[in-house]
Amino acid sequence: MATTIGMMDAAYFVGRNEILAWINSTLHLNLSKVEEAASGAVQCQLMDAVHSGMVPMHKVNFDAKSEYEMIQNYKVLQDVFNKLKITKHIEVNKLIKGRPLDNLEFMQWMKRYCDSVNGGIMSNYNAVERRDACKGSKESNKKAAPSQSTVRSSSSAPKTQASHGAKKSDIHAVNSSHKATKPATNSATQAYDEQITELKLFVDSLEKERDFYFGKLRDIEILCQNPEIEHLPIATAIQKVLYAADDNPSVVAEAQAMITKPQPAETLHILSPILEASEEERPKPKRKDINTLEVDMAASSTLSPKQRLSDISDVHYCGSPLTNY
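If you're wondering where the values come from, they're calculated on a predicted model, not measured in any experiment.

At His 28, a position not held by glycine, the phi torsion is positive, near 55°. Along the chain, the position of His 28 falls in the loop between helix H1 (16–27) and helix H2 (41–50).

As a further point, take the pattern of salt bridges. Side chains that differ in charge, positive against negative, can pair when their charged atoms come close. One pass over the structure, following the stated rule, counts 12 salt bridges. Between Lys 97 and Glu 67 there is a salt bridge, and its shortest N-O distance comes to 3.3 Å. Placement of the pair is Lys 97 in the loop between helix H4 (92–95) and helix H5 (100–116) and Glu 67 in helix H3 (residues 67–83), with a sequence separation of 30 residues. Residue Glu 67 is classed as partly exposed on the basis of its relative accessible area, which comes to 40%. With a closest N to O distance of 3.9 Å, Asp 102 and Arg 99 form a salt bridge. In this structure Asp 102 comes out as buried when scored by relative accessible area, which is 7%.

It is at 8 Å that the axes of H2 and H3 come closest, and there the two elements cross at 30°. Judged by the angle between their axes, H2 and H3 are roughly parallel. Where H2 crosses over H3, the handedness of that crossing is left-handed. In this structure, H2 uses Ala 41, Gln 43, Cys 44 and Met 47 to contact H3, whose residues at the interface are Asn 73, Tyr 74, Val 76, Leu 77, Val 80 and Phe 81. A breakdown of the residues in the contact of H2 with H3 according to their chemical character gives 8 nonpolar, 2 polar and no charged.

We now examine the environment of Lys 83. Here Lys 83 is to be found in helix H3. We classify Lys 83 as exposed; its relative accessible area is 56%. When the C-alpha atoms of Lys 83 and Met 54 are compared, they prove to be 8.4 Å apart, with 29 residues separating the residues in sequence.

So, about the side chain of Glu 35. If you trace the backbone, Glu 35 turns up in the loop between H1 and H2. In this structure Glu 35 touches Gly 98, Pro 100, Asn 103, Thr 197 and Lys 200, once residues within four positions along its chain are discounted.

What follows is about the nonpolar core. Of all hydrophobic cores here, the largest spans 47 residues; its most connected members are Ile 23, Val 42, Met 47, Val 60 and Met 107. Of all elements in the fold, only H1, H2, H3, H4 and H5 reach the threshold of two or more residues within this core. A per-element tally of this core places H5 first, with 8 residues. If we skip the residues at most four places from it in the chain, Met 107 touches Ile 19, Trp 22, Ile 23, Val 34, Ala 37, Val 42, Gln 43 and Leu 46.

With that out of the way, let us pick up the confidence of the model for the protein. In the predicted model, the protein carries a mean pLDDT of 74, and the fraction of residues at 70 or more is 64%. Confidence drops under a pLDDT of 50 for residues 147–164, and excluding neighbours within four residues, the segment shows 4 contacts in the predicted structure. Scored below 50 in pLDDT, residues 315–325 shows 5 contacts in the model against residues more than four places distant or in partner chains.

Here we come to the packing of helix H10 (residues 233–242) against helix H11 (residues 249–260). It is the contact of H10 with H11, at a shortest axis distance of 8 Å, that shows an interaxial angle of 175°. The angle between H10 and H11 falls in the class roughly antiparallel. On the side of H10, the interface is formed by Pro 233, Ile 234, Thr 236, Ala 237, Lys 240 and Val 241, while H11 contributes Val 251, Glu 254, Ala 255, Met 258 and Ile 259. Partitioned by chemical class, the residues of the contact of H10 with H11 number 8 nonpolar, 1 polar and 2 charged.

On to H2. In terms of burial, H2 is a largely internal element, 10 of the 10 residues being buried. Looking at H2, one finds that the buried residues are Ala 41, Val 42, Gln 43, Cys 44, Gln 45, Leu 46, Met 47, Asp 48, Ala 49 and Val 50.

Further remarks concern the packing of aromatic side chains. Tallying each qualifying case throughout the model produces 4 aromatic pairs. Among the aromatic side chains, those forming a connected cluster through ring pairs are Phe 81, Phe 106, Trp 109 and Tyr 113. Above the face of the Phe 62 ring, Arg 131 is positioned so that its terminal group lies 5.7 Å from the ring centre.

Along the polypeptide, Asp 48 turns up in helix H2. Owing to a relative accessible area of 1%, Asp 48 belongs among the buried residues under this scheme. Of the polar contacts made by the side chain of Asp 48, one reaches the side chain of Tyr 125; its length is 2.8 Å. Here Asp 48 is in contact with Gly 53, Val 55, Met 57, Tyr 125 and Arg 130, once residues within four sequence places are set aside.

Reading guide: rules and limits
Residues numbered from 1 in each chain as written. Predicted model: local features only at pLDDT ≥ 70, side-chain atom pairs only at ≥ 80, totals over all residues. Heavy atoms only, no water. Helix = DSSP H or I, 4+ residues; strand = E, 2+ residues; numbered from the N terminus. Salt bridge = Lys/Arg side-chain N within 4 Å of Asp/Glu carboxyl O. Buried < 20%, exposed > 50% of the residue type's maximum accessible area, 1.4 Å probe, protein only. Axes fitted to C-alpha atoms, helices over the stretch in contact; angles between N-to-C directions. Parallel < 35°, antiparallel > 145°, perpendicular 65-115°, else oblique. Left-handed = near helix turned anticlockwise from the far one by under 90°. Contact = heavy atoms within 4.5 Å. Nonpolar A, V, L, I, M, F, W, Y, C, P; charged D, E, K, R; others polar. Core = buried A, V, L, I, M, F, W, Y, C linked by side-chain atoms within 4.5 Å. pLDDT = per-residue confidence, 0-100. Phe/Tyr/Trp six-rings, centres within 6.5 Å; stacked < 30°, edge-to-face > 60°. Lys NZ or Arg CZ within 6 Å of the ring centre and 35° of its normal. Polar contact = N/O pair within 3.5 Å; in protein donor to acceptor, adjacent residues only side chain to side chain.

The following block contains the structure:
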């Protein structure tokens, strides 16, 4: 289903001219730029074309100019998505800005979805009649239909030339020169419009790429500011490269020197908390009281046999278990 297509799908490689031709032929419109569909009304009618009766066309505003009016159209489109259980996310904030790349990507998805429903066949769909119920439909229908004033002027020109035979050659010369310059002007304007649109698409892609890499650099900066590693030489070297004001090769050389520079003893001491803790937790050996042993040995050697027997008798009378036999 087209609701789950990826960014590398063939649908996103459809050209802008093909998208415009598809929209104009399906809805009988005369759009010259993809961003003219930023109001969301075109998307609503495309869904009405593939799902007849699902879109309340009286709520769609083809004359939406402000962002608030455009948001109302996208709310109608989101309600239709919810009814049809379509999980496509609508980036309304980007679409209403009228940026060519965002609107092109969404219209590419719309074409892929419409082609996936009944093979893209929209039989017996009267786009102009369905659009009559919308606000601002008259202006959009006028743009789609050929101007009647030009037809009338062209039909009345031969009559005036027949009645004024003297000015026939002059009028004919003016009309021929006007007709010759007008197509050239239109083609030049269209070429400039295409170049402007391509430049806008290129700028949008560059801005997305810029934001992507800036986010990566910001993540690296936050990582280097972590209190656990901010004192390390490699973190300092990375910050030096990040904060360099210009593209100077000496900055990279200084950063490499900071990494290869031998670390002082204090840094090594800081970086080895396990060794420090092991030394502090190491049990200390118990010391023997040498002086007490020497005094006891001296006392036992100087006592007489009688004094020793008296000590034993004292122990016996004290109830020592060693003398109870």
